[in-house]
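Each chain is listed here by its residues.
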Amino acid sequence: MAQSFTGKIKVAARIIDYISSGLYHSPAACIKELVNNSYDADATEVQVFVKPDANRIIISDDGIGMSRKEFVEHFDHVSESHKRDGSDKTLSGRPKVGKIGIGFIAANELCDKMEIVSTKSGSTDLLQVEVDFSATRLDIDDRRAEGNEIVKADYAGVVDTAGRDEHYTHVFLKDIRPNLQEILVAARPREHTAGKLSVYGMAPESVRDLL
């Protein structure tokens, strides 16, 4: 039977300072953080897709996946990276590249909603979480939580059943911010091309270069 859960992503004030300092000054920097997460999950393949109207970006990997417990531990209170707990290497021996546990939080610079679908290696649980970044658009005084934390987003999730041999994470960035959507749909052409260039029909490698 599917199990539902809800909560709020709360971020330490100093993490807000990191974000506002220009750490994620470009769409590519935000997407790079999500790809870093895939690398630290021992993914051997990461795919980035952009819909023709650029209203959705998908980052998909074949990494070890994430459980409900891990999601809550990492994002209910984002204050420091949990990636290095116990070891600075992944299960396969890769050096972890994540420095601050805010990769998913950076997505609020790109979109208003984010959906995470993941199943963990060796588990039959399928995690589905939708994160609503509407809270981050409110005045900071209206987002203060207990202590020195700021509410960055609300989330609602469900745990359903998946195949035991499956392991992956799909991140759907939805309701892309209008300024970014315009950039992706009508990107500046390369020097030898006249007019505007759309991402429609472009190969994934070309879209990644554009980002």
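Residues numbered from 1 in each chain as written. Predicted model: local features only at pLDDT ≥ 70, side-chain atom pairs only at ≥ 80, totals over all residues. Heavy atoms only, no water.

*Asks:* Would you take a moment to explain the overall build of the chain for this structure?
*Replies:* Along its length, the chain carries five helices and eight strands. Going from the N terminus to the C terminus, the chain shows its helices and strands as β-α-α-β-β-α-β-β-β-β-β-α-α. In the chain, which comprises 211 residues, the proportion classed as buried is 43%. Within the chain, counting contacts between residues at least 6 apart in sequence, those at least 24 apart form 70% of the total. (Helix = DSSP H or I, 4+ residues; strand = E, 2+ residues; numbered from the N terminus. Buried < 20%, exposed > 50% of the residue type's maximum accessible area, 1.4 Å probe, protein only. Contact = heavy atoms within 4.5 Å.)

*Asks:* What am I meant to see in the side chain of S123 here?
*Replies:* Structurally, S123 is set in the loop between strand 5 (111-119) and strand 6 (125-132). A polar side-chain atom of S123 sits 3.0 Å from the main-chain amide nitrogen of D125. (Polar contact = N/O pair within 3.5 Å; in protein donor to acceptor, adjacent residues only side chain to side chain.)

*Asks:* How should the sheet that holds strand 8 (residues 168-176) be read in this particular structure?
*Replies:* Where strands meet in a sheet, backbone hydrogen bonds hold them as pairs that are either parallel or antiparallel. If you walk across this open sheet you meet the eight strands as 2-3-8-5-6-7-1-4, and the pairing is mixed. Pairing within the sheet leaves two strands with one partner each, and these edge strands are strand 2 (46-50) and strand 4 (77-78). Bridge count for strand 1 (residues 3-12) against strand 7 (residues 149-161) is ten bridges, and the pairing is antiparallel. When the bridges of strand 7 are listed, S4 appears paired with V158. The sheet contacts of helix 2 (residues 27-40) involve strand 2, strand 3 (56-61) and strand 8, and relative to strand 3 the element is tilted by about 20 degrees. Running over the sheet, helix 3 (residues 68-75) touches strand 1, strand 4, strand 5, strand 6 and strand 7 and is turned about 25 degrees from strand 1. (Pairing = 2+ DSSP bridges. Axes fitted to C-alpha atoms, helices over the stretch in contact; angles between N-to-C directions.)

*Asks:* What should I look at first to understand the confidence of the model for the chain in this one?
*Replies:* In low-pLDDT segments, the atomic positions of the prediction should not be examined closely. Taken residue by residue, the chain gives an average pLDDT of 79. The fraction at 70 or more is 76%. Within the chain, the element-level pLDDT minimum falls on helix 5 (residues 204-210), averaging 60, and the maximum on strand 6, averaging 95. Overall, residues 188-200 carries pLDDT values under 50, and its contacts beyond four positions in sequence, including any with other chains, amount to 16 contacts. (pLDDT = per-residue confidence, 0-100.)

*Asks:* Whenever I open this one, the environment of F75 confuses me. Can you help?
*Replies:* Counting through the fold element by element, F75 comes out in helix 3. In this structure F75 comes out as buried when scored by relative accessible area, which is 5%. Sequence separation between F75 and K152 is 77 residues, and the spatial gap between their C-alpha atoms is 9.9 Å. Setting aside chain neighbours within four positions, we find F75 in contact with K8, I9, K10, M66 and F104.

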